[in-house]
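Read off the chains here:
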Amino acid sequence: MDLDALAHLAHPTHLRELFRTDPGRATRYVVEAGDLRIDYSKHRLNDDILASLLELAQDSDVEGRRDAMFAGEHINVTEDRAVGHSALRMPVGSTFMIDSENVVPDVHAVLDSMSAFADRIRADDRITRIVNIGIGGSDLGPAMAEQALGAFRHPRLRCSFVSNIDGADIAGVLADSDPASTLFIVASKTFGTVETLTNARTARSWLVDALGEDAVIDHFVAVSTNAERVADFGIDSENNMFGFWDWVGGRYSVDSAIGLSLMLAIGPGRFREFLAGFHTIDEHFRTAPLAENAPVLMALLGVWYTNGLGFDTKAVLPYANELARFPAYLQQLDMESNGKSVTLEGERANYNTGPIVWGETGTNGQHAFYQLIHQGTSVVPVDFIGFAKPHHDYPEHHDLLMANLIAQSEALAFGQMNEAEPWRNFEGDRPNTVILAEQLTPSVLGQLIALYEHMVHVQGTIWGVNSYDQWGVELGKELANQVTPELTGDPTPDAHDSSTNALINWYRANR
Ligand code: F6P
């Protein structure tokens, strides 16, 4: 079975018909993984399609590549690195070998020093504000998770996340902070990212102007893999740096020291529950047969839609305000991983790969773009995410919220015929997954993230791409370096194409 063959499979009939002729699908097409209940019955799927998809997984060696990842092989071939984020959440005493070394003791050594630091800051009344400066994986993970776990936040500590090189971002945070009570975390795997270093320098000057040079030691820590650059920046890399390793990809790093701001917010104990949640799904992914393996099943549905039916976007719609940043987090996880058109063999992929991922919380999205999902000409497969118990004291709100989630899932799948008034006709047959858990806890959040991480891994395997590099971001960075001096220095006419030259000239004239 290969990707090409997917397009030739007999399409199943409408979901109305599938449910009418097969009432058992509502229990058969549900998979449980950890605390997550994943209902994939409202998909354009029947047992024949599922069997073909599972055959595709077998033939693509999904199990082999999964095992290679857990064995610490250098599956990130273009950077010649292992892919070891699963080691970050392994319990003390377990083994994850990378380059002939068990990395788990190092992982726990860093966790222990993060925990000691977090305990100290959480007990120190002088610090009330944490500002994480980072971008991409060094921002989205902790920012998303800190918001998601707001119910577990330390009452005194307020976290802010500065990522954008747009000065408006840091200006807003600094204007609202007091130097004496602010702790900056400069988070950058490479410690070479221009946005982060620019923001960090600005924050440093702001602090030094107010409190003097000596204050840097108490108000700045770094999270990085590059101790030399941290020291060059002026942060004590011996005592004020928390490290991680090149086998942790930026978008897979929220469970490394990059999660320090989250640990400060929720405390070391809760952070370890978060890690345990990831580990639960790692174990599920590692051991469950393909047909009962939640990340594998979700990945196969995505491949079926991308390559079998030609749907090229996917919406993630959490019915939990706390998960407002989850779609943005998943955009990096999925699109930076599988937005590739070159295969592991270095050839052009002659089929579609990673989908465009987007989303918004429910019910807000219902009053914005759901119109298109219900009646538009593009079919958008949807993941709904919801919880039985909220973290607030307004149960009537929560019942309404969940009623909407369940109703949207039903409406998309089954629609409502109206031949007399075609504008009121809902065709239905719009596929959706419903992911439910009892409550959004640190463990459940870890489980959700790991579910998507492994889904992305399986899809990358089937598409034959390297999900762990991101060369596509390089050209823009290079050209920005070239353009920056041209905006203010001596003009270099005609250095670019005519449009780019005109843009530069317009900016020079109007800045
Ligand atoms: O430009 C993309 C990227 O490399 C992401 O993969 C990464 O998460 C982000 O930049 C930030 O990188 P760093 O943590 O090294 O500052």
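Here, every reference points to the structure presented above.
Because the structure is a prediction, the values reported are computed rather than measured.

Student: Explain the sheet that holds strand β7 (residues 182-187) here, please?
Tutor: Paired through backbone hydrogen bonds, the strands of a sheet run either parallel or antiparallel to each other. Across the sheet, which stays open at both edges, the 5 strands sit in the order β6-β5-β7-β8-β9 with parallel pairing between neighbours. The open sheet terminates on both sides in strands that have one partner only, identified here as β6 (158-162) and β9 (241-243). Pairwise comparison of adjacent strand axes, ignoring direction, gives a mean angle of 20° for this sheet. Where strand β8 (residues 220-224) lies against β9, 3 bridges are found, and the strand directions are parallel. By the bridge assignment, Val223 is partnered in β9 with Phe242. The strands touched by helix α8 (residues 167-175) are β5 (129-133), β6 and β7; relative to β6, the strand with the most contacts, the crossing angle is about 160°.

Student: Could you clarify how one ought to interpret α8 in this entry?
Tutor: Given 3.6 residues per helical turn, the α-helix brings residues three or four places apart onto the same face. Among the residues of α8, those classed as buried are Ile170, Val173 and Leu174. One face of α8 carries all of its buried residues, which in axial projection span an arc of 100°. Projecting away from the buried face of α8 at angles above 90 degrees are the exposed residues Ala168 and Ala175.

Student: Is there a simple way to explain the packing of helix α7 (residues 140-148) against helix α15 (residues 326-338) in this structure?
Tutor: Helix-helix packing is described using two parameters, namely the angle between the two axes and the distance between the axes. Running from amino to carboxyl end, α7 crosses α15 at an angle of 155°, the nearest separation of the two axes being 9 Å. Between α7 and α15, the crossing angle belongs to the class labelled roughly antiparallel. Like other packed secondary-structure pairs, α7 and α15 cross with a definite hand, here left-handed. Mapping the contact onto sequence places Leu140, Gly141 and Met144 in α7 and Phe326, Ala328, Tyr329 and Gln332 in α15. Residue composition of the contact of α7 with α15, grouped by class: 5 nonpolar, 2 polar and no charged.

Student: Looking at this structure, how should I read the site of the ligand?
Tutor: Lining the immediate surroundings of the ligand are 14 residues, of which Ser138, Ser188, Lys189, Thr190 and Thr193 lie closest. Side-chain polar atom of Ser188 to an oxygen atom of the ligand: 2.6 Å apart, as the coordinates give it. The side chain of Gln332 places a nitrogen or oxygen atom 3.2 Å from an oxygen atom of the ligand. When the free accessible area of the ligand is taken as 390 Å², the share hidden by the protein chains comes to 88%. Taken together, the residues that form the shell around the ligand break down as 2 nonpolar, 9 polar and 3 charged.

Student: Would you mind showing me how to read unusual backbone geometry here?
Tutor: Looking along the chain, the bond that leaves Gly362 and enters Thr363 is cis, with omega of 5°. With respect to the helices and strands, Thr363 occurs in the loop between β11 (356-359) and α16 (370-375). Despite not being glycine, Asp61 has its phi angle at roughly 60°, a positive value. Among the structural elements, Asp61 can be located in the loop between α4 (47-59) and α5 (62-70). One non-glycine residue, Asp99, lies in the positive phi region at around 50°. Mapped onto the elements, Asp99 comes out in the loop between β3 (97-98) and β4 (101-102).

Student: Can you help me understand the nonpolar core in this one?
Tutor: Generally speaking, soluble globular proteins have nonpolar side chains that are buried together. The biggest cluster of nonpolar side chains holds 117 residues, and the ones touching the most others in it are Trp247, Phe274, Leu323, Phe326, Leu445 and Tyr452. The element that contributes the greatest number of residues to this core is helix α18 (residues 442-463), accounting for 12 residues. Discounting residues that sit within four places of it in the chain, Phe326 has contacts with Met144, Val316, Pro318, Ile385, Leu448, Ile449 and Tyr452. In terms of nonpolar packing, the next biggest core, distinct from the first, is built from 22 residues, Phe184, Ala200, Val216 and Phe233 among them.

Student: Looking at this structure, I do not really get the side chain of Lys314. What am I missing?
Tutor: Take Lys314: it is sitting in strand β10 (residues 313-318). In this structure Lys314 comes out as buried when scored by relative accessible area, which is 14%. At 2.9 Å, the side chain of Lys314 and the side chain of Asp383 are in polar contact.

Student: Sorry if this is basic, but what is going on with the sheet that holds β11 here?
Tutor: Taking strand neighbours across the sheet as the criterion, the 6 strands line up as β1-β2-β13-β12-β10-β11 in an open arrangement whose pairing is mixed. Looking at which strands have only one partner, the edges of the open sheet turn out to be β1 (30-33) and β11. Here the strands of the sheet are splayed against their neighbours by 20° on average, with no regard to which way each runs. Along the sheet, α15 makes contact with β10, β11 and β12 (382-389), crossing β11 at roughly 175°. Packing against the sheet, helix α17 (residues 395-414) makes contact with β12 and β13 (432-439), and its axis sits at approximately 150° to β12.

What counts and how
- Residues numbered from 1 in each chain as written.
- Predicted model: local features only at pLDDT ≥ 70, side-chain atom pairs only at ≥ 80, totals over all residues.
- Heavy atoms only, no water.
- Pairing = 2+ DSSP bridges.
- Helix = DSSP H or I, 4+ residues; strand = E, 2+ residues; numbered from the N terminus.
- Axes fitted to C-alpha atoms, helices over the stretch in contact; angles between N-to-C directions.
- Contact = heavy atoms within 4.5 Å.
- Buried < 20%, exposed > 50% of the residue type's maximum accessible area, 1.4 Å probe, protein only.
- Arc of directions from axis to C-beta.
- Parallel < 35°, antiparallel > 145°, perpendicular 65-115°, else oblique.
- Left-handed = near helix turned anticlockwise from the far one by under 90°.
- Nonpolar A, V, L, I, M, F, W, Y, C, P; charged D, E, K, R; others polar.
- Near = heavy atom within 4 Å.
- Polar contact = N/O pair within 3.5 Å; in protein donor to acceptor, adjacent residues only side chain to side chain.
- Areas by Shrake-Rupley, 256 points an atom, 1.4 Å probe, with all protein chains shown as cover.
- Core = buried A, V, L, I, M, F, W, Y, C linked by side-chain atoms within 4.5 Å.

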